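# Remarks on the overall topology
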Amino acid sequence: MDRNPSPPPLLSVEDEEKGAEGDCIGRTVYSKHWLFGVLSGLIQLVSPENTKSGSDDEGQQMELDEEMENEVCRLWDMSMDEDVALFLQEFNAPDIFMGVLAKSKCPRLREICVGILGNMACFQEICVSISSDKNLGQVLLHCLYDSDPPTLLEISRLLLTCLSQTEVASVWVERIREHPPIYDSICFIMSSSTNVDLLVKVGEVVDKLFDLDEKLMLEWIANGAAQPLDQSQEDSEERPVFRIVPCVLEAAKQIRSENLEGLDVYMHILQLLTTVDEGIQAIVQCPDAGKDTWNLLFDLVCHEFCQSNDPPIILQEQKIVLASVFSVLSAIYVSQTEQEYIKVEKDLPLIDSLTRVLKNMEHCQKKPNSIESNTEDTKTSDLTEDDFHLKILKDISCEFLSNIFQALTKETMAQGLKEGHLSKQKCSCAFQNLLPLYSSVVEDFLKILHEVDKSLADDLEKSFPSLKVQT
């Protein structure tokens, strides 16, 4: 059965002639009478008489009657219409849905009710009203503890909608902060779910939370940092301690090959973590987390993104996720270069990836007409946005490349030349982008290169006469 069946059929011409249009909701052709019938049916489902019968078996999950499921699914579809959403709000439908969520043991019904509220929250006036209801807010957040993936997907969608509304975002951030178990629930989803849609949506919620509130991000970083002192070994085995970085990595691994936009979200979460010292330490202080993060990101840039056989224009699709990946790698590289998994002789392939990205960037910037648009204004706007993201990627790439260049020794440079990671073409591309901001780095690089390959060093100096290297 489809998750969202078609809405009720339109009124017939005969009905309209009889004046049935007076029963319409707003400017729609949906029936008020029919909607009241569905809401009444929902009330009956969670009435004391119906809920009492299942009280003997707390673990029993109810199945939804097929006819009732069709009706509420139609209402779910209809709630995307603003007139219907406002009508539902006017007649206190959120209170009915709250009662269902608080009392019903039917996963499908809970999913649909949260989905309807999520549709309603897309309209600002209703979103403000839903968000200001403390009781409803508590019930909705409790849905994050649900074991039903479709319900978790819908509550994540609703939360993301509310967090995207500036008028109410702070209300939800504060509520989430007041409910520490939400951290464990979200980490459990990220670390154990195989549902790609759910992982993407939960990732978007976490990304939005961290972007909105650094304090909450710091709290979540600290949550799994250490085992509580009063927690016994037995309790420790029953209640795993979730650390934010391994959970984010597990979700990223799960979706990496299936959803580029979702992977972008999780890479951005890691990038946000590296904007604070506590976040960097959460990655590098735990050897396993640091190694897993480095290996995953290294594998992405060296074997998946912007490969030598990819057309240069592919950079337009990958520029945002690449910026996040390079940013995190650079932060790890600078903070923990003594770790075994970060050895410049092993990481020379990163020079290939960085110079290839910079080369492809030149190609993209030379062909602005590759972006099609119906109007001149839209074209200008698109180009401006693309240029902005490309500039961010260039800045991050150059910073990372300069860090690698500074770590090169005579031995590793010789190895890089032998293996093809350093060549005249790649060095020229690097110099062109690093100068003049990183001129001292380039000059130091050339000093070592003179000892390893004087001919190449001389050729590069001729190509960049502004460099005056004392050898």
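All of these numbers come straight from a predicted model, not from anything done at the bench.

## Here we look at the environment of Leu 64
Its location among the elements puts Leu 64 in the loop between α3 (48–52) and α4 (66–78). Separated by 45 residues in sequence, Leu 64 and Leu 109 have C-alpha atoms that sit 6.8 Å apart.

## Overview of helix α13 (residues 196–212)
Think of an α-helix as 3.6 residues a turn; residues three or four steps apart then line up on the same face. In this model α13 runs 24 Å from its N-terminal to its C-terminal C-alpha over 17 residues, within 8% of the 24 Å that 1.5 Å per residue would give. Buried within α13 are the following residues: Val 196, Leu 198, Leu 199, Val 200, Val 202, Gly 203, Val 205, Val 206, Asp 207, Leu 209 and Phe 210. As for α13, its buried residues are in contact with α10 (149–163), α11 (169–177), α12 (181–192), α14 (214–223), α16 (244–255) and α17 (260–273). Its side-chain oxygen at 3.1 Å from the backbone nitrogen of Asp 197, Asn 195 defines the N-terminal cap of α13.

## Describing the packing of aromatic side chains
A complete count under the given rule lists 12 aromatic pairs for this structure. On the numbers, 5.9 Å between centres and 70 degrees between planes, the contact of Tyr 333 with Phe 400 is edge-to-face. Within this pair, whereas Tyr 333 is found in helix α20 (residues 315–335), its partner Phe 400 is found in helix α22 (residues 376–407), the two being separated by 67 residues in sequence. Taking the relative accessible area as the measure of exposure, Tyr 333 reaches 3% and is therefore buried. Put simply, the rings of Trp 294, Phe 326, Tyr 333 and Phe 400 pair up and form one aromatic cluster.

## Comments concerning the pattern of salt bridges
Inspection of the entire model under this criterion finds 17 salt bridges. Of the charged contacts, one joins Lys 391 and Asp 395 as a salt bridge, the two residues approaching to 3.0 Å between their closest N and O atoms. In this pair, Lys 391 and Asp 395 both sit in helix α22, four residues apart, roughly one turn of the helix. What makes Asp 395 partly exposed here is its relative accessible area of 39%. When the shortest N-O distance is used, the salt bridge between Glu 451 and Lys 410 registers 3.8 Å. A residue pair is termed long-range when its members are at least 10 positions apart, and Glu 451 in helix α25 (residues 439–452) and Lys 410 in helix α23 (residues 410–419) qualify at 41 residues.

## Here's the deal with the confidence of the model for the chain
Scored by pLDDT, the chain comes out at a mean of 85, with 82% of its residues at no less than 70. Under a pLDDT of 50 for its full length, residues 54–59 has, in the predicted model, four contacts with residues more than four places off or in other chains. This stretch, residues 228–233, has a pLDDT under 50; its non-local contacts, to residues over four places away or in other chains, come to two contacts.

## Observations concerning the nonpolar core
For soluble globular proteins, the rule of thumb is that nonpolar side chains tend to be buried together. In terms of nonpolar packing, the biggest core is built from 154 residues, with Met 190, Phe 405 and Phe 431 touching the most fellow members. The greatest single-element share of this core, amounting to 10 residues, is contributed by α20. Leaving out residues up to four positions away in the same chain, Met 190 has contacts with Leu 199, Val 202, Val 206, Ile 244, Cys 247, Val 248, Glu 250, Ala 251 and Tyr 266.

Each value, and the rule that gives it
- Residues numbered from 1 in each chain as written.
- Predicted model: local features only at pLDDT ≥ 70, side-chain atom pairs only at ≥ 80, totals over all residues.
- Heavy atoms only, no water.
- Helix = DSSP H or I, 4+ residues; strand = E, 2+ residues; numbered from the N terminus.
- Expected span 1.5 Å × (residues − 1).
- Buried < 20%, exposed > 50% of the residue type's maximum accessible area, 1.4 Å probe, protein only.
- Contact = heavy atoms within 4.5 Å.
- Polar contact = N/O pair within 3.5 Å; in protein donor to acceptor, adjacent residues only side chain to side chain.
- Phe/Tyr/Trp six-rings, centres within 6.5 Å; stacked < 30°, edge-to-face > 60°.
- Salt bridge = Lys/Arg side-chain N within 4 Å of Asp/Glu carboxyl O.
- pLDDT = per-residue confidence, 0-100.
- Core = buried A, V, L, I, M, F, W, Y, C linked by side-chain atoms within 4.5 Å.

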